[in-house]
Amino acid sequence: MKTSRKVMLALLALAVLVSAVGVVHSKYRTRVLFRELKALDRQIDEVDIEWEQLLLEHGAWGTPATIEAGARKQLKMRMPRADEIVIIKEQHRG
């Protein structure tokens, strides 16, 4: 065989080897990224469940009756008597 053919054959073998290593690396990265994607999908599901629970809790605690009961019990608040009510009128600037 001629020297130029040997060099060409060596270059082709090297190219095939580099290509094979590239394919293996690409497959490995795909698997790693897929695992990360699935972990993030699970995390999204957990956050969605927590969000739904918080919405339910907000709905339960956010009712006017619950807020009023908490204000009366914890803050010792009460409805003002008629003589305690002061009406403030805003003056318009002209």
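In what follows, the structure referred to is the one given above.
No experiment lies behind these values; they were computed from the predicted model shown. Residue positions are given per chain, counting from 1 as you read along its sequence in written order. Given that this is a predicted model, residues contribute local features only at a pLDDT of at least 70 and side-chain atom pairs are listed and counted only at 80 or more, while totals for whole chains, interfaces and linings are drawn from all residues. Excluded from the side-chain calculations are hydrogens and water; all other atoms, namely the structure's heavy atoms, are used.

Chemist: Hey, could you run me through the overall build of the chain in this one?
Modeler: Of the regular secondary structure elements, the chain holds two helices and zero strands. Only C-alpha atoms enter the radius of gyration, while the globule expectation follows 2.2 Å times N to the 0.38, with N the number of residues. In terms of overall dimensions, the chain is more spread out than a globule: its C-alpha atoms have a radius of gyration of 36 Å, far above the 12 Å expected for 94 residues. Seen through its C-alpha atoms, the chain measures out along the principal axes to roughly 115 × 45 × 15 Å. By the counting scheme adopted, Arg and Lys are positive, Glu and Asp are negative, and His together with the chain ends is not counted. Charge positions come from single atoms, namely NZ of Lys, CZ of Arg, CG of Asp or CD of Glu. Counting 16 positive and 12 negative side-chain charges, the chain places the averaged centre of each group 16 Å from the other. A helix here means a DSSP run of H or I that spans at least four residues, while a strand means a run of E at least two residues long, and both kinds are numbered starting from the N terminus.

Chemist: Just to check I follow, could you spell out a negative patch on the surface for this structure?
Modeler: Each patch is built from residues lacking any salt bridge and having more than 30% relative accessible area; the joining distance is 9 Å for like charges and 5 Å for nonpolar side chains (Val, Leu, Ile, Met, Phe, Trp, Tyr). Each accessible area is a Shrake-Rupley result for a 1.4 Å probe, and residues are judged covered by the shown protein chains and nothing else. Salt bridge, as applied in this entry: a Lys or Arg side-chain nitrogen positioned within 4 Å of an Asp or Glu carboxyl oxygen. A cluster of like negative charges, contributed by Asp-45, Glu-46, Asp-48 and Glu-52, occupies part of the molecular surface. Throughout, exposure labels follow a simple rule: accessible area from a 1.4 Å probe, protein chains only, divided by the maximum for the residue type, with under 20% read as buried, over 50% as exposed, and the rest as partly exposed. On the accessibility criterion, Glu-46 (54% relative accessible area) is exposed.

Chemist: What exactly am I supposed to notice about the pattern of salt bridges here?
Modeler: Opposite charge on two side chains allows them to pair when their charged atoms are near. All told, the structure shown has five salt bridges when counted by the stated rule. Glu-84 serves as the salt-bridge partner of Arg-78, at 3.0 Å between the closest nitrogen and oxygen. For Glu-84, a relative accessible area of 34% puts it in the partly exposed group. Residue Glu-84 is joined to Arg-81 by a salt bridge in which the shortest nitrogen-to-oxygen separation is 3.3 Å. Note on Arg-81: relative accessible area 47%, which makes it partly exposed.

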